[in-house]
Amino acid sequence: MSITDIGPRPQAFDLETETLENPNYRTVAWSGTYLQVTLMSIPVNGDIGLEKHPDTDQFIRLDRGRGRAQMGPAKDELTFDQEVTDGWCVLVPAGSWHNVTNIGDEPMQVYTVYAPQHHKPGKVHQTKTVADTDTDDEPAEWSVQPRAAADEHA
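Computed from a predicted model, the values in this text were never measured in an experiment.

Definitions and cut-offs
- Residues numbered from 1 in each chain as written.
- Predicted model: local features only at pLDDT ≥ 70, side-chain atom pairs only at ≥ 80, totals over all residues.
- Heavy atoms only, no water.
- Salt bridge = Lys/Arg side-chain N within 4 Å of Asp/Glu carboxyl O.
- Helix = DSSP H or I, 4+ residues; strand = E, 2+ residues; numbered from the N terminus.
- Buried < 20%, exposed > 50% of the residue type's maximum accessible area, 1.4 Å probe, protein only.
- Patch = residues over 30% accessible without salt bridge, like charges linked within 9 Å, V, L, I, M, F, W, Y side chains within 5 Å.
- Areas by Shrake-Rupley, 256 points an atom, 1.4 Å probe, with all protein chains shown as cover.
- Lys, Arg positive; Asp, Glu negative; His and termini not counted.
- Charge placed at Lys NZ, Arg CZ, Asp CG, Glu CD.
- Pairing = 2+ DSSP bridges.

S.K.: Quick question: what am I supposed to make of the pattern of salt bridges here?
M.R.: Side chains carrying opposite charge are able to pair once their charged atoms draw close together. Taken as a whole and judged by the stated rule, the model has six salt bridges. The salt bridge involving Lys120 is made with Asp136; its shortest N-O contact spans 2.7 Å. Remark: Asp136 occurs in the loop between helix H2 (128-133) and strand S11 (152-153) and Lys120 occurs in the loop between strand S9 (108-115) and strand S10 (124-125); sequence separation between them is 16 residues. The class for Asp136 is partly exposed, based on a relative accessible area of 41%. A salt bridge links Lys128 to Asp132, with the nearest nitrogen and oxygen atoms 2.9 Å apart. With Lys128 and Asp132 both in helix H2 and four residues apart, this pair spans about one turn of that helix. Residue class for Lys128 comes out partly exposed when judged on its relative accessible area of 25%. A relative accessible area of 54% places Asp132 in the exposed class.

Dropping the structure here:
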């Protein structure tokens, strides 16, 4: 991989290539004042993790693999259920419980756009376990953030 998060400065890179070559569960590729781009590699039978961002809209695009996108108003009421594959996007409204599970036979390569910024700029999590236990993964102080409740995870 050749991408480095340079913060809220102009940036251009081959997003598809970087997404396909990303070996990590999560790599923060670019952090702006109002949005952030992350690259993700979800292993076979793995998932992004059931969660809810109260004040963050999210755009997820698959560049490789096959997944199952689920969303709903409560973690036990996922009323949206859609199989997604290469080229599909998943649009997650703020406040929706959501998860994307890899149901294919190869790693699922995705990129995500958060608005507002959601992770520490430049943060790399090699695995979901590392990400789930990271206590130093907050958005930059210079980013614009809502004054609301913290994310929830199932």
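S.K.: Looking at this structure, how should I read a negative patch on the surface?
M.R.: A cluster of acidic side chains, namely Asp14, Glu16, Glu21, Asp86, Asp105 and Glu106, defines a negative patch on the protein surface. Among the secondary structure elements, Asp86 is positioned in the loop between strand S6 (80-85) and strand S7 (89-92).

S.K.: In this structure, what is going on with the pairing of strand S1 (residues 26-31)? I would like to understand it.
M.R.: The two faces of the sheet receive side chains in turn, since in a regular strand these alternate between them. With five of its six residues buried, S1 lies for the most part within the structure. Two elements, S1 and S10, share two bridges in a ladder whose sense is antiparallel. Looking across to S10, one finds that Thr27 is bridged to Val124. Where S1 and strand S2 (residues 36-42) come together, four bridges link them in antiparallel fashion. Within the sheet, the bridge partner assigned to Thr27 lies in S2 and is Leu39. Between the antiparallel neighbours S1 and S2 lie four residues.

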